[in-house]
Amino acid sequence: MSLKVPEVLETERTFIRPFKRDDLEGFYAFMSDGEATKYLLFTADQKTFEGTKELLDKTIANYDNEEQIYALAVERKADGNFIGSIGFGPDWKGSGYQMFWMILPEYWKKGYGIEVTKKLLEYAFSILGLELMTAYSHPDNIASEKLALKLGMVDNGIVDIEFFDEPHVQFVIRKDDLNQLL
C-alpha cells in the first residue's frame, strides 16, 4: 500500500516533513551519537558520515516507492534545527504498520517526542485512514516505553522479531484509543 507523504505537519514547536539533502549534517549528528542510537537497528557503517549520507539518499528516494518506509525529519521551529526523525512502515510482526521515533539527546525530556508522535498518529488515523499502529522498543529503553504508554499505547508484552538480537516490547494503539486522548 502506498501512503501519501505529507508536505509538512506542524505542531506547536516543530515541523514534521520529508527529509531533504540539507538534513545531512543534523542527521549525521544523530547517527553518530552513541546514546541516541543505542537501542536502534543501525549498523556501524550507517553511523559513519558516508553511511549516513547513503541512508539519507535512500530515505529520500524511498518516498516514491510502493512499499515505503515513511521516515520524516523533525525540525524545531525556533531555529530550524534538525532534532530527530519519526515515521512508520510495514509492521514486522503483522499486516499493519509500525511507528518509530528518534530524538537527539539534547532535546530529550522536553516533550518533543510526545508532541511529534501524537501529530503523526493523528495524521495516520485521520488522513491516511489507518486503524491500528504498532511500535517496538528494546526492553531497556525506558524512555521509549514511557512515551508509548503516555500516548495511550497498550503494552502487549515481549515478542521475538527474527532479525533482532533480543526480544522487544510490542506496543499497540487503535484509532479510537488515540481519539480519547485528544
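Going by the structure above, here's the rest.
One numbering rule holds for all chains: residues counted from 1, following each sequence as written. Only residues with pLDDT of 70 or above have their local features reported here, since the model is predicted, and side-chain atom pairs are shown and tallied only from 80 upward, although totals for entire chains, interfaces and linings are computed over all residues. Hydrogens are left out, water is left out, and the side-chain values use all remaining heavy atoms of the structure.

K.L.:
Please clarify how the overall build of the chain should be interpreted in this entry.
P.N.:
Each helix is a run of DSSP H or I of at least 4 residues and each strand a run of E of at least 2, with the numbering of both proceeding from the N terminus. Scanning the chain for helices and strands turns up 5 helices and 8 strands. Moving toward the C terminus, one meets the helices and strands of the chain in the order β-β-α-α-β-β-β-α-β-α-β-β-α. Against the 2.2 N^0.38 benchmark of 16 Å for 182 residues, the chain shows a C-alpha radius of gyration of 15 Å, consistent with a compact globule. Across its three principal axes, the chain shows a C-alpha extent of roughly 40 × 35 × 35 Å. Relative accessibility under 20% of the residue-type maximum defines a buried residue, over 50% an exposed one, and the middle range a partly exposed one, all with a 1.4 Å probe and only protein chains included. Across the 182 residues of the chain, 47% fall into the buried class. Counting contacts in the chain only where the partners sit at least 6 residues apart, residues at least 24 apart contribute 61% of the total. Every radius of gyration here is taken over C-alpha atoms, with the globule rule written as 2.2 Å times N^0.38, N being the number of residues. By the convention used here, residues are in contact when the closest approach between their heavy atoms is within 4.5 Å.

K.L.:
How should I be thinking about the pairing of strand S6 (residues 132-137) in this particular structure?
P.N.:
Side chains on a regular strand alternate between the two faces of the sheet. By the criterion of burial, S6 is predominantly enclosed, with 5 of the 6 residues buried. Pairing geometry for strand S5 (residues 97-103) and S6, over 3 bridges, is parallel. Opposite Gln 98, over in S6, you have Thr 134 as the bridge partner. Here a crossover is taken to be right-handed if, once the strands point away from the viewer, the path from the first strand over the helix to the second is traced clockwise. Running through helix H3 (residues 112-127), the crossover from S5 to the neighbouring parallel element S6 is right-handed. Where S6 and strand S8 (residues 168-174) come together, 6 bridges link them in antiparallel fashion. Note that in S8 the partner of Thr 134 across the bridge is Val 172. Whether two strands pair depends on DSSP finding at least two bridges between them.

K.L.:
How should I be thinking about the side chain of Thr 11 in this particular structure?
P.N.:
Topologically, Thr 11 is positioned in the loop between strand S1 (9-10) and strand S2 (14-18). A residue is classified by how much of its surface remains accessible, and Thr 11, at 8% relative accessible area, is buried. Pairs of N or O atoms within 3.5 Å make up the polar contacts considered here, provided that, within protein, one atom can donate a hydrogen while the other can accept it, and that residues adjacent in sequence are counted only when both atoms are side-chain atoms. A polar contact of 2.5 Å, which involves the side chain of Thr 11, links it to the side chain of Glu 115. Non-local contacts of Thr 11, meaning those with residues more than four positions away in its chain, are made with Ile 16, Lys 77, Glu 115, Val 116 and Lys 119.

K.L.:
In this structure, what is going on with helix H2 (residues 49-62)? I would like to understand it.
P.N.:
One turn of an α-helix holds 3.6 residues; hence residues three or four places apart share an orientation. A helix is expected to reach a length of 1.5 Å times the quantity of its residues less one. Taking 1.5 Å per residue, 14 residues should reach 20 Å; H2 reaches 20 Å between its end C-alpha atoms and fits that length. For H2, the secondary structure elements touched by its buried residues are helix H1 (24-31) and strand S3 (70-76).

K.L.:
Would you mind going over the packing of aromatic side chains with me for this structure?
P.N.:
Where two aromatic rings form a pair, the distance of their centres and the angle of their planes describe that pair. Aromatic pairs are defined between Phe, Tyr and Trp rings, using the six-membered ring for Trp, whenever the two ring centres lie within 6.5 Å; interplanar angles under 30 degrees are classed as stacked, those over 60 as edge-to-face, and all others as tilted. All chains considered together, the criterion is met by 7 aromatic pairs. When the centroid spacing of 5.2 Å and the interplanar angle of 55° are considered together, the rings of Phe 19 and Phe 27 count as tilted. This pair shows no difference in class: Phe 19 is buried, exactly as Phe 27 is. With a centroid separation of 4.3 Å and 20° between ring planes, the pair formed by Tyr 70 and Phe 88 is classed as stacked. Placement of Tyr 70 in strand S3 and of Phe 88 in strand S4 (residues 82-90) is noted, with a sequence separation of 18 residues between them. Side by side, Tyr 70 and Phe 88 carry an identical accessibility label, which is buried. By definition, being over a ring means that NZ of Lys or CZ of Arg is both within 6 Å of the ring centre and within 35 degrees of the ring normal. Lying over the aromatic face of Tyr 112, Arg 13 brings its terminal NZ or CZ to 3.9 Å of the ring centre. When the ring centre of Phe 15 is taken as origin, the NZ or CZ atom of Lys 77, which lies over that ring, is 5.4 Å away.

K.L.:
Looking at this model, I keep getting lost on the side chain of Gln 170. Mind explaining?
P.N.:
Its location among the elements puts Gln 170 in strand S8. Among residues more than four places away in sequence, those in contact with Gln 170 are Lys 93, Thr 134, Ala 135, Tyr 136, Val 154, Asp 155, Asn 156, Gly 157 and Val 159.

K.L.:
Hey, could you run me through the pattern of salt bridges in this one?
P.N.:
A carboxyl oxygen of Asp or Glu within 4 Å of a side-chain nitrogen of Lys or Arg is what we treat as a salt bridge. The full count for this structure, using the stated rule, is 8 salt bridges. Between Arg 13 and Glu 115 there is a salt bridge, with its nearest N and O atoms 2.7 Å apart. Remark: Glu 115 occurs in helix H3 and Arg 13 occurs in the loop between S1 and S2; sequence separation between them is 102 residues. Among the residues examined, Glu 115 registers a relative accessible area of 16% and is labelled buried. For Asp 57, the salt bridge goes to Arg 21, with nearest N and O atoms at 3.5 Å. Within this pair, whereas Asp 57 is found in helix H2, its partner Arg 21 is found in the loop between S2 and H1, the two being separated by 36 residues in sequence. Taken together, the shared-partner salt bridges connect Arg 17, Asp 23 and Glu 75 into one network.

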